[in-house]
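# Commentary on secondary and tertiary structure
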Protein chains: 2
Amino acid sequence: MAKAARAAATIMARRPTHTKNRVLLKIADKIEEEASYIKTENQKDLGRAQKMELTNAMIDRLTITDATITSMADGLRDVARLGDPVGSISRTTLRPNGLEVSRMRIPLGVIGIIYESRPNVTIDAAGLCLKAGNSVILRGGSESLHSNQALTGIISPVLIEAGLPKEAVQVVPIRDRAAVKALLKQEEFIDLIIPRGGEGLIRFVVENSKIPVLKHYKGVCHVYVDEGADLNMAEDICFNAKAQRPGVCNAMETMLVHKSIASKFLPQMAKRFIKAGVEIRGCPETCQIIPEAHKAGEEDWPAEYLDLIIALRVVDNMDQAIAHVTEYGSNHTDAIVTSDYQRARRFVREVDSSVVLVNASTRFNDGGQLGLGAEMGISTSKLHAFGPMGVEELTTTKFIVFGDGQIRK
Amino acid sequence: MAKAARAAATIMARRPTHTKNRVLLKIADKIEEEASYIKTENQKDLGRAQKMELTNAMIDRLTITDATITSMADGLRDVARLGDPVGSISRTTLRPNGLEVSRMRIPLGVIGIIYESRPNVTIDAAGLCLKAGNSVILRGGSESLHSNQALTGIISPVLIEAGLPKEAVQVVPIRDRAAVKALLKQEEFIDLIIPRGGEGLIRFVVENSKIPVLKHYKGVCHVYVDEGADLNMAEDICFNAKAQRPGVCNAMETMLVHKSIASKFLPQMAKRFIKAGVEIRGCPETCQIIPEAHKAGEEDWPAEYLDLIIALRVVDNMDQAIAHVTEYGSNHTDAIVTSDYQRARRFVREVDSSVVLVNASTRFNDGGQLGLGAEMGISTSKLHAFGPMGVEELTTTKFIVFGDGQIRK
């Protein structure tokens, strides 16, 4: 499979934007046309899942509804609308010897995606990889194999009809985890592995991969409310960051508040949190101000709750806030609410996270929100991509050099 | 060591360009001042090397001469002169909700360099890593430990004097290879590993690393001489690519010649090669035209000779040439000599190598020659950096977002 994907990648890399877009739009139409077939195949997975006694949350993620169908099709149409980075030439310089040196953006080649339950990742990932001119090998959860095969069963004929190799999108047809291990050893044919799922899956992939991995372990996101901040703005931002969708990686987990505003700000903030059912785990100063707060333990500071729970700490100054983020954060998303020009600039420079925000909710760390269009997930490791990964992050650049007979002295 | 390097990286990342440059210039001066001390320590390594019966080539690479001292010092002065990529802000967009989204260039963090013999890599690598605001852990060959410790012994006091942590540049003080294995497991503290050396070393690092690796296995570089090419230009380029310095990775290993010009071009080219002592291993057509040519076997096409040997094949057309490069090449450096506009453009687009050249020698794949200043080696894997790696490739970008109270709907 990996070898066939490599051969397909060579062909995909040379195909023009309009061919790739036509394929994406055609797949979108076919998904809608074949909705009942897809749902029938999905039922086979669901039947098996019930026997395996998966949790309700897992069954929920596995289920393909009419809304899932529409969202997959619309997602592909969005990707078709994005600009095509492949072939763009930049940073041209003329060297003293007359050589013209540029960088040309090219597809990465073959991308392996390893993910859990959600069959819609099959379509999202395939769409982005195709748009960027790559081949993709998809290895979804074993519990979603029928659904994933149904989806690629729709993609293959569209590729063939457009004169493209069907091996540009392949699903690993084996449920055994040994198949993942084997996949992770194909460094000769695969350029990049992207795992999407829980920390267990990601650690397994990193442990076993000889291929570069783009990953994100967890999002322990902070909002620091600075001395002199607009407290109404701070309240809205912190509430949004924590409660708008607490189960996602860019939700705030820890709030840091400057001591000079704590006694004024925390009661109003706590009222709103408590009304929304948010449990507060605070440092000693917090517990003095908010009677309903539980005492936070050392295990709360690095915790990714993904739930209506917040850790809350009063700090002496911004230096202490930044030191806290550096020690306990996960390089994911951190924000400051401030009215101070110098501290805003310093927070942005000194906080080492993939997205650093001033006076905005952490929930904006998202490819769509930051203007990348669709995304393949958020990378918290720094190599190649740091932050949300869009189409461009599925490409790289090569050097192209035009001369007229230059030789090296 | 890795943990200390991480703490040092946080400090280094915040230091301004002029501090970093002053340190680089000071180290350069100190290396020249302490030349006799460095050479004395180097003698200890050389004494040990003679007992270990290393090859002359290895001893040669290990030896620090006055010329090595000057070249290390001048190299640092060159790096001080380069622009500082850290802190530059680019690609600013204003989102419909008023968020201002940009990318800010930041250091990668902690970089581990694993290399063989040459102690000058210690200085070159340290200089580039410092300039990009990183910490570096250096693990040179066990045979050069005294030399490497002497060099970092010079760097540490300069760092301290400038108010920087001495842990920003550290040498692994243990000769045992187990130390390398331990280093490669510090994924919590190290962001990137760059191995520099032979294929054995690089494979060992890739096999054992949990940290992302930027690597280059080998350079099997091609020049394709097209139908209608300027044959004098082709001769100069091919001779330069093969013979100017045959032992390096960007030297040409295989020459591909269009059949319509073979009988005219090959005799004149062969004459020049043979005069310079280059052994020719040719396809059957080549052997008919050049009586001195040896018959090439299948093992010659993927060979990296690094020597005065060339594989030579006559091809039917450019498609066959590109197919040959795709099958046997190493994604390193490939060139075409042509006068045809369309084929020049198509070769550049379709050849999947880190540097693709038209009418210029493969020997130009080099950070200095392509305008990057000094380089950390050439990457032939596509993630993060593809081609020569300069200061900028030792950095990454984060997203910075300025708002005025935006929350996610």
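Details of the structure are given in the entry above.
Residues numbered from 1 in each chain as written. Chains lettered and ligands numbered in written order. Predicted model: local features only at pLDDT ≥ 70, side-chain atom pairs only at ≥ 80, totals over all residues.

## A look at the overall build of chain A
We apply this condition: In this description a helix means any DSSP run of H or I spanning at least four residues, a strand means any run of E spanning at least two, and both kinds are numbered starting from the N terminus. To get the radius of gyration, use the C-alpha atoms; to get the globule rule, take the number of residues to the power 0.38 and multiply by 2.2 Å. Counting other C-beta atoms within 10 Å of a residue's own tells you its class, since 20 or more makes it buried, 12 or fewer makes it exposed, and anything in between is partly exposed; those C-beta atoms are placed from the backbone.
Scanning chain A from N- to C-terminus turns up 14 helices and 16 strands. Taking 409 residues into account, the globule formula puts the C-alpha radius of gyration at 22 Å, and chain A, at 24 Å, falls close to it. Summarising its shape, the C-alpha atoms of chain A cover approximately 70 × 70 × 35 Å along the three principal directions. Counting the 409 residues in chain A, one finds 53% classified as buried.

## Let's talk about the interface of chain A and chain B
Stated precisely, the cut-off is as follows: The contact criterion used here is simple: two residues whose C-beta atoms, placed from the backbone, lie within 7 Å are in contact. Nonpolar residues are Ala, Val, Leu, Ile, Met, Phe, Trp, Tyr, Cys and Pro. Charged residues are Asp, Glu, Lys and Arg, and all others, Gly as well, are polar. Any two strands with at least two DSSP bridges between them are considered paired.
If you look at the interface, chain A gives 53 residues, while chain B gives 53 residues. With 11 residues, strand E16 (residues 395-406) of chain A is the single largest residue contributor to the side of chain A that touches chain B. Of the residues belonging to the side of chain A that touches chain B, the class tally is 23 nonpolar, 19 polar and 11 charged. Where strand E13 (residues 355-360) of chain A lies against strand E16 (residues 395-406) of chain B, five bridges are found, and the strand directions are parallel. Counterpart to Leu357(A) in the pairing with E16(B) is Val401(B).

## Some details on the relation of the copies chain A and chain B
For the record, the criterion: We superpose the copies by least squares over the C-alpha atoms of residues that have a pLDDT of at least 70 in both of them.
Expressed as a screw operation, the relation of chain A to chain B combines 0.0 Å of axial shift with a rotation of 180°, fitting to an RMSD of 0.0 Å. Seen this way, the second copy is the image of the first under a two-fold rotation axis. Within chain A, the C-alpha atom positioned nearest to the axis of rotation is that of His384(A), 1.9 Å from it. When the interface residues of chain A are mapped onto chain B, 100% of them again lie at the interface, so the same face is used by both copies.

## So, the pairing of strand E9 (residues 279-282) of chain B
Residues and elements named next belong to chain B. Quick reminder of the rule: We call a crossover right-handed when, viewed with both strands directed away from the observer, the connection leading from the first strand over the helix to the second proceeds clockwise.
Of the pairings in the sheet, the one linking E9 to strand E11 (residues 309-315) comprises four bridges and is parallel in character. Along E11, the bridge assignment pairs Ile280 with Ile310. Sheet topology places E9 next to strand E10 (residues 294-295); two bridges connect them, and they run parallel. The residue bridging Gly282 from the neighbouring strand is Lys295, located in E10. With helix H12 (residues 284-289) bridging E9 and the parallel E10, this β-α-β connection has right-handed handedness.

## Examining the sheet that holds strand E5 (residues 169-171) of chain A
Residues and elements named next belong to chain A. We count it as follows: Only the contacting stretch of a helix is used when fitting its axis, a line to C-alpha atoms as for every element, and angles between N-to-C directions run 0 to 180 degrees.
The sheet built from four strands is open, its strands ordered E5-E4-E3-E6 with parallel pairing. Whereas interior strands pair on both sides, the edge strands pair on one side only; in this sheet they are E5 and strand E6 (192-196). Sheet twist, expressed as the average angle between the axes of neighbouring strands with direction ignored, equals 20°. The strands that helix H1 (residues 2-12) touches are strand E3 (110-115), strand E4 (135-139) and E5; relative to E4, the one it contacts most, it runs at about 145°. Across the sheet, helix H7 (residues 145-161) is in contact with E4 and E5; its angle to E5 comes to roughly 155°.

## Focus on the sheet that holds strand E13 (residues 355-360) of chain B
Pairing is mixed across the open sheet formed by 10 strands, whose spatial order is E1(A)-E2(A)-E16(A)-E13(B)-E12(B)-E7(B)-E8(B)-E11(B)-E9(B)-E10(B). Bordering the open sheet on either side are strand E1 (89-94) of chain A together with E10 of chain B, each of which pairs with just one other strand. Here strand E8 (residues 252-258) of chain B pairs with E11(B) via five bridges, running parallel. By the bridge assignment for E11(B), Leu256(B) is matched with Arg313(B). Each of E16 of chain A together with strand E7 (221-225), E8, E11, strand E12 (333-337) and E13 of chain B touches helix H10 (residues 231-243) of chain B; the most contacted strand, E7(B), lies at about 170° to it.

## Quick look at the nonpolar core
We apply this condition: Here, a nonpolar core denotes buried Ala, Val, Leu, Ile, Met, Phe, Trp, Tyr and Cys residues that are linked to one another through C-beta atoms within 7 Å.
Counting residues in hydrophobic clusters, the biggest one holds 138 residues, and the most contacted among them are Ile137(A) and Ile137(B). Apart from residues lying up to four places away in sequence, Ile137(B) is in contact with Met1(B), Ala2(B), Ala5(B), Val110(B), Gly112(B), Gln170(B), Val172(B), Leu183(B) and Ile190(B).

## So, the environment of Ile174(B)
All names here are of chain B. Topologically, Ile174 is positioned in the loop between strand E5 (169-171) and helix H8 (178-183). Among the residues examined, Ile174 registers 14 C-beta atoms within 10 Å and is labelled partly exposed. Along the sequence, Ile174 and Val314 sit 140 residues apart, while their C-alpha atoms lie 51 Å from each other.

## Observations regarding helix H14 (residues 341-350) of chain A
Selection rule: Directions pointing from the helix axis toward each C-beta atom define the arc.
When we look at burial in H14(A), the residues that qualify are Arg343(A), Phe347(A) and Val348(A). Seen end-on, H14(A) carries its buried residues on one side only, within an arc spanning 135°. Summarising the geometry of H14(A), the exposed residues directed more than 90 degrees from the buried face are Tyr341(A) and Gln342(A). Against helix H13 (318-328), strand E12 (333-337) and E13 of chain A together with E16 of chain B lie the buried residues of H14(A).

## Details of helix H6 (residues 120-131) of chain B
Since the α-helix packs 3.6 residues into each turn, any two residues three or four apart lie on the same face. Residues and elements named next belong to chain B. Let me state the cut-off plainly: Helix span, as expected, comes to 1.5 Å for every residue beyond the first.
The end-to-end C-alpha separation of H6 is 17 Å, in line with the 16 Å expected for 12 residues at 1.5 Å each. A large share of H6 lies buried, amounting to 11 of its 12 residues. For H6, the complete set of buried residues consists of Val121, Thr122, Ile123, Asp124, Ala125, Ala126, Gly127, Leu128, Cys129, Leu130 and Lys131. One or two positions beyond H6, positive phi appears at Gly133, with a value near 80°.

## A word on the environment of Arg6(B)
Tracing the backbone shows Arg6(B) in helix H1 (residues 2-12). Separated by 104 residues in sequence, Arg6(B) and Val110(B) have C-alpha atoms that sit 6.0 Å apart.

## Thoughts on the packing of helix H2 (residues 17-33) of chain A against H7(A)
All names here are of chain A. Stated formally: In this scheme, roughly parallel covers angles under 35 degrees and roughly antiparallel covers those over 145, while 65 to 115 is roughly perpendicular and the rest are oblique. Note on convention: near helix rotated counterclockwise from far helix by under a right angle means a left-handed crossing. Clockwise means right-handed.
Packing of H2 against H7 brings their axes to within 10 Å, and their N-to-C directions diverge by 140°. Taken together, the axes of H2 and H7 lie oblique to each other. Of the two elements, H2 crosses H7, and the hand of that crossing is right-handed. Contacts between H2 and H7 pair Val23, Lys26, Ile27, Lys30 and Ile31 from the former with Ile154, Ile155, Val158 and Leu159 from the latter. For the contact of H2 with H7, the per-class residue count stands at seven nonpolar, no polar and two charged.

## Quick word on the environment of Phe239(A)
Residues and elements named next belong to chain A. The topology assignment puts Phe239 in helix H10 (residues 231-243). Accessibility expressed as a C-beta count within 10 Å gives 19 for Phe239, which makes it partly exposed. Remark: the alpha-carbon pair of Phe239 and Val79, spanning 160 residues in sequence, is separated by 32 Å.

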